[in-house]
Amino acid sequence: MTIEDAGHDILTTARFSASNLTDKEITAANTGKIEIGLVRVTSRDVTFPVFLFKFAGMVFDAPFSIGLEAEDKRERLVHALSHVGNLTRSATWSLTLETVERTTCTTKSIRMIAPSPRFWRSAAEALLGSATLSEEVQQDMLERLFLRYPSPSQLFRRAVHVEKF
């Protein structure tokens, strides 16, 4: 998952890598039903989001933390997330979903969706809460999370926000 600031906007991309994609899975990624979920992982004074994506019978997870970014990018993202479109009301931005064939590294589908302002508001709060998160703390939090929910489909059931497209 990548999140970039683009002046007055946020650019987000989720890249899925899977082996031996079938034509049915590629069609589902392009035009089928997609569900996205958000899990907010919290421990003491830090939080970070795990984005979840469900389509064609597959579920992918994408943890993301601003704290793991380089200092200059972290500062730009914190500023952008704090100011984009008035987060308390109607902020939204698109999310590009890219499906890649793992063995050939070729893009098989690209699709753009627009999660609701409510979804992005919750994600932005979790992202801002991750600004001071170290890699070690995040890894520890993820290990505990994945011990409790060993598969992305189990974690998806814990999502605080789920949207369908």
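From a predicted model like this one, the values you see are computed outputs, not experimental measurements. (Residues numbered from 1 in each chain as written. Predicted model: local features only at pLDDT ≥ 70, side-chain atom pairs only at ≥ 80, totals over all residues. Heavy atoms only, no water.)

Trainee: Got a sec to walk through the nonpolar core? Specific residues and values, please.
Mentor: Ranked by internal contacts, the top residues of the largest apolar core, which has 31 residues, are Phe51, Phe53 and Leu97. Taken together, the elements giving at least two residues each to this core come down to strand E2 (9-18), helix H1 (23-31), strand E3 (35-43), strand E4 (46-55), strand E5 (58-63), helix H2 (71-83), strand E6 (95-101) and helix H4 (117-129). Residue contributions to this core peak at five residues, all from H4. Those residues in contact with Phe51 that sit more than four places away from it in its chain are Met1, Gly37, Leu38, Phe60, Asp61, Ala62, Phe64, Phe119, Trp120 and Ala123. The next biggest cluster of nonpolar side chains, apart from the first, holds 15 residues, and it includes Val39, Val46, Leu52 and Leu155. (Core = buried A, V, L, I, M, F, W, Y, C linked by side-chain atoms within 4.5 Å. Buried < 20%, exposed > 50% of the residue type's maximum accessible area, 1.4 Å probe, protein only. Helix = DSSP H or I, 4+ residues; strand = E, 2+ residues; numbered from the N terminus. Contact = heavy atoms within 4.5 Å.)

Trainee: Just give me the short version of the packing of H2 against H4, but keep the residues and values in it.
Mentor: The N-to-C vectors of H2 and H4 enclose an angle of 150 degrees; their axes lie 10 Å apart at closest approach. As summarised for this structure, H2 and H4 are arranged roughly antiparallel, according to the angle between their axes. Helix-helix and strand crossings are classified by hand; for H2 and H4 the assignment is left-handed. Here Val78, Leu81 and Ser82 of H2 come into contact with H4, specifically with Ala124, Leu127 and Leu128. In the contact of H2 with H4, the residues fall into five nonpolar, one polar and no charged. (Axes fitted to C-alpha atoms, helices over the stretch in contact; angles between N-to-C directions. Parallel < 35°, antiparallel > 145°, perpendicular 65-115°, else oblique. Left-handed = near helix turned anticlockwise from the far one by under 90°. Nonpolar A, V, L, I, M, F, W, Y, C, P; charged D, E, K, R; others polar.)

Trainee: Explain the packing of aromatic side chains residue by residue, including any values.
Mentor: Enumeration over the complete set of coordinates arrives at eight aromatic pairs. Taken together, a centroid distance of 4.9 Å and an interplanar angle of 40 degrees make the contact between Phe16 and Phe60 tilted. Of this pair, Phe16 sits in strand E2 while Phe60 is found in strand E5, placing the two residues 44 residues apart along the sequence. By relative accessible area, Phe16 is classed as buried at 4%. Overall, the relative accessible area of 17% leaves Phe60 in the buried class. Between the aromatic rings of Phe51 and Phe119, the centroid separation amounts to 6.3 Å while the plane-to-plane angle is 45 degrees, which identifies the pairing as tilted. On the criterion of sequence distance, the pair formed by Phe51 in strand E4 and Phe119 in helix H4 is long-range, its members being 68 residues apart. (Phe/Tyr/Trp six-rings, centres within 6.5 Å; stacked < 30°, edge-to-face > 60°.)

Trainee: Describe the pattern of salt bridges, naming the residues involved and giving the relevant values.
Mentor: Taken as a whole and judged by the stated rule, the model has eight salt bridges. Here Arg40 and Glu125 are joined by a salt bridge, their closest N and O atoms 3.1 Å apart. Of this pair, Arg40 sits in strand E3 while Glu125 sits in helix H4, placing them 85 residues apart in sequence. Note on Arg40: relative accessible area 26%, which makes it partly exposed. With a relative accessible area of 44%, Glu125 lands in the partly exposed category. Linked by salt bridges that have partners in common, Glu4, Glu69 and Lys73 make up one network. (Salt bridge = Lys/Arg side-chain N within 4 Å of Asp/Glu carboxyl O.)

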